[in-house]
Amino acid sequence: MKLTVVAGNPKPGSRTLDAARLVAESLTGREVDETVDVIALGAGLLGWGDAAVAAAVETVRTSDLVVFASPTFKATYTGVLKLFLDQFAGGDGLKDVVVVPLMLGAGPAHAMAPDIFLKHTLVELGAVTPAPGLYLIDSTYTSDTRIADYVARWGSVLTSTATSRTDIS
């Protein structure tokens, strides 16, 4: 199973990226295979045909389980992540890729944002989302039980769905 994280934070090497890795590794019990820190793709995100962006899209498209992570900006995911998602073909750009929509924020006010905003976009691109999104408080995600609780409830659903995708391929 190919495990990938995508972080759409305007700051490279962010807490968002760290949280995505923690979630992915907690779900699977192993290290992430691929990491896409979207901001590192730079100006290539603003057009079409950039080689680094195309390679990142291919990495994600050929993954079995992907954690898509974003900080909460203006109650939704970042424009940087949107620019990256715009590079995928509508309807089937993420066909059969099992995804976890993950967002971080300063407080609980936007706890539904992963499901209301990010999940719908990922589904529009063909992703499989067998579990709800996850919202983490950016100051406590390493010390609270939210990741462990999510993994206990949804881990087997996500990994078995991703594994069945691998078995079919």
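All figures in this text were calculated on a predicted structure; none of them were measured in a lab.

A few words now on the nonpolar core. In this structure, Val6, Val60, Phe68, Phe84, Leu85 and Leu94 are the most contacted members of the largest nonpolar core, which totals 28 residues. Elements with a minimum of two residues in this core: α2 (51-61), β3 (65-71), α3 (79-85), β4 (98-105), α4 (113-124) and β5 (134-137). Ignoring sequence-local partners within four residues, the contact set of Val6 consists of Val36, Val38, Val60, Val66, Val67, Phe68, Ala69, Leu81 and Phe84.

To continue, consider the UniProt feature "domain: NADPH-dependent FMN reductase-like" (unreviewed entry) in the protein chain. The positions that UniProt labels "domain: NADPH-dependent FMN reductase-like" (unreviewed entry) are, in the present scheme, residues 1-139. Its end C-alpha atoms 31 Å apart, residues 1-139 is made of 32% helix and 20% strand.

A few words now on the sheet that holds β4. The 5 strands lie next to each other as β2-β1-β3-β4-β5, forming an open sheet whose pairing is parallel. Each edge of the sheet is formed by a strand with only one pairing partner; in this case those strands are β2 (34-37) and β5. Neighbour-to-neighbour, the strand axes of the sheet open up by a mean angle of 20°, direction not taken into account. Bridging between strand β1 (residues 3-7) and β2 involves 4 bridges; their strand directions are parallel.

About the cut-offs
- Residues numbered from 1 in each chain as written.
- Predicted model: local features only at pLDDT ≥ 70, side-chain atom pairs only at ≥ 80, totals over all residues.
- Heavy atoms only, no water.
- Core = buried A, V, L, I, M, F, W, Y, C linked by side-chain atoms within 4.5 Å.
- Buried < 20%, exposed > 50% of the residue type's maximum accessible area, 1.4 Å probe, protein only.
- Helix = DSSP H or I, 4+ residues; strand = E, 2+ residues; numbered from the N terminus.
- Contact = heavy atoms within 4.5 Å.
- UniProt positions renumbered as here; feature names shortened; annotations may be inferred.
- Pairing = 2+ DSSP bridges.
- Axes fitted to C-alpha atoms, helices over the stretch in contact; angles between N-to-C directions.

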